[in-house]
Amino acid sequence: MNGTDKWRAGLKEMQRRDQMRAPERAAFYDEVAAKAFQVFALSGRLLDVGCGSGWVSRRLPPEVTSYTGIDPLPNDFERGKAEQLPYSDSSFDSVLCYSVLQHVEAPRNAVLEMSRVLRVGGTLNALVCVASKDPLFLNHWETEDDVWAIVSPPFSPMRFAAE
């Protein structure tokens, strides 16, 4: 199976998993959002890359003034890939990339696209799985340094949290 076929199969499996997430999972997402929002600097015009079902959009901190979600899977948000964002330069104050880079075909290109749509001084807020062998991931990184090699430049680490 080539990279594109693996990516498409992974998207179908993620969509299947997402459809199985019933409303009783709302408490789980509330807990995840509460922890993430303690670490992430979400404010102003927010772009949620790989928004999935849009669970973040229903739990936004008050500092966020507008929300735009994009995902390769069909949903209620804009459809598109992280590597080819359909937005103008400097369109957003903050970008959220929550557990997405391990699923994209070209993570470095995705990071450069997120940088392009961020205003000068904006923040990229990313959560990336490290040392995971999940078969749905197109990309596996063994260490934090492997991830930093993808995001810098143009970004430098501001903070890193792990449990």
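All residue numbers here refer to positions counted from 1 along the written sequence of the relevant chain. Under the rules for a predicted model, residues below a pLDDT of 70 receive no local features and side-chain atom pairs below 80 are neither given nor counted, while totals for whole chains, interfaces and linings still include all residues. Neither water nor hydrogens contribute to the side-chain values; these are computed over all heavy atoms in the structure.

*Asks:* Looking at this structure, I do not really get helix α3 (residues 107-117). What am I missing?
*Replies:* Residue pairs three or four apart in sequence face the same way in an α-helix, which turns once every 3.6 residues. For each residue, the accessible area found with a 1.4 Å probe, counting protein chains only, is set against the maximum for its type, and the residue is called buried under 20%, exposed over 50%, and partly exposed in between. Helix numbers and strand numbers start at the N terminus; a helix is a DSSP run of H or I with at least 4 residues, a strand a run of E with at least 2. Every buried residue belonging to α3 is among Pro-107, Ala-110, Val-111, Glu-113, Met-114 and Val-117, and all of these are buried. Looking straight down α3, one finds that the buried residues subtend no more than 160° of arc, so they occupy a single side. Structurally, α3 contributes buried residues whose contacts are with β1 (44-49), β4 (92-98), β5 (118-127) and α4 (144-151). An arc is given here, and it is the one of the directions from the helix axis to the C-beta atoms. Contacts between residues were defined by any pair of non-hydrogen atoms, one from each residue, lying within 4.5 Å.

*Asks:* Looking at this structure, I do not really get the pattern of salt bridges. What am I missing?
*Replies:* Oppositely charged side chains are able to pair whenever their charged atoms sit close together. What counts as a salt bridge is simple: a side-chain nitrogen of Lys or Arg found within 4 Å of a carboxyl oxygen of Asp or Glu. Summed over the entire model, instances satisfying the criterion amount to 6 salt bridges. Across the pair Lys-81 and Glu-105 runs a salt bridge whose closest N-O atoms are separated by 2.9 Å. One end of the pair, Lys-81, is in the loop between β3 (78-79) and β4; the other, Glu-105, is in the loop between β4 and α3, and 24 residues separate them in sequence. On the accessibility criterion, Lys-81 (26% relative accessible area) is partly exposed. As a salt-bridge pair, Glu-113 and Arg-116 come within 2.9 Å of each other at their nearest N and O atoms.

*Asks:* How should the packing of aromatic side chains be read in this particular structure?
*Replies:* How two aromatic rings sit relative to each other is set out by the distance from centre to centre and by the angle between their planes. Note on aromatic contacts: the rings of Phe and Tyr and the six-membered ring of Trp form a pair at centre separations within 6.5 Å, being stacked when their planes are under 30 degrees apart, edge-to-face when over 60 apart, and tilted otherwise. With the rule as written, the count across this model stands at 4 aromatic pairs. Aromatic side chains Trp-55 and Tyr-98 sit 5.4 Å apart centroid to centroid with 85° between the ring planes, which places their arrangement in the edge-to-face category. Taken together, the residues span a long stretch of sequence, with Trp-55 in the loop between β1 and β2 (64-71) and Tyr-98 in strand β4 at a distance of 43 residues. Geometrically, the ring pair formed by Tyr-67 and Phe-77 is edge-to-face, given 5.8 Å between the ring centres and 70° between the ring planes. Here Tyr-67 is found in strand β2, whereas its partner Phe-77 is found in the loop between β2 and β3, with 10 residues between them in sequence.

*Asks:* Please explain the nonpolar core as it appears in this structure.
*Replies:* Considering soluble globular proteins, one finds that nonpolar side chains tend to be buried as a cluster. Counting residues in hydrophobic clusters, the biggest one holds 23 residues, and the most contacted among them are Leu-47, Val-49, Leu-85, Val-95, Leu-101 and Met-114. The biggest single contributor to this core is α3, with 4 residues. The residues contacting Val-49, other than those within four sequence positions of it, are Ile-70, Ala-82, Leu-85, Val-95, Leu-96, Cys-97, Tyr-98, Val-100 and Met-114. In these notes, a set of buried Ala, Val, Leu, Ile, Met, Phe, Trp, Tyr and Cys residues joined through side-chain atoms within 4.5 Å is what counts as a nonpolar core. Counting 12 residues, the second-largest nonpolar core is a separate cluster that includes Cys-51, Trp-55, Val-64 and Leu-96.

*Asks:* Teacher, can you tell me more about the sheet that holds β2 here?
*Replies:* Picture the strands of a sheet paired through backbone hydrogen bonds; they go either parallel or antiparallel. Pairing in this open sheet of 5 strands is parallel, and the strands run β3-β2-β1-β4-β5 from one edge to the other. Two strands in the sheet have a free side with no partner beyond their single neighbour: β3 and β5. At least two bridges found by DSSP between two strands are what make those strands a pair. Here 6 bridges tie β1 to β2, and the two strands are oriented parallel to one another. Within the sheet, the bridge partner assigned to Gly-44 lies in β2 and is Val-64. Here an angle of 0 to 180 degrees is reported between the N-to-C directions of two axes, which are lines fitted to C-alpha atoms, with helices fitted over the stretch in contact. Packed onto the sheet, α3 meets β1, β4 and β5 and runs at close to 140° relative to β5.

*Asks:* Before we go on, may I ask you to explain the side chain of Asp-48 in this structure?
*Replies:* Among the structural elements, Asp-48 can be located in strand β1. The side chain of Asp-48 is buried and forms no salt bridge, while Arg-58, the nearest opposite charge, is found at 8.9 Å. Here a polar contact is recorded for every N or O atom pair within 3.5 Å, except that within protein the pair must consist of a potential hydrogen donor and a potential acceptor, and residues adjacent in sequence are included only if both atoms are side-chain atoms. Here the side chain of Asp-48 touches Tyr-67 through a polar contact of 2.7 Å, side chain to side chain. When residues no more than four places from it in sequence are discounted, the contact partners of Asp-48 are Val-56, Tyr-67, Thr-68, Gly-69, Ile-70 and Leu-96. In this tally Asp and Glu are treated as negative and Lys and Arg as positive; neither His nor the chain ends contributes.

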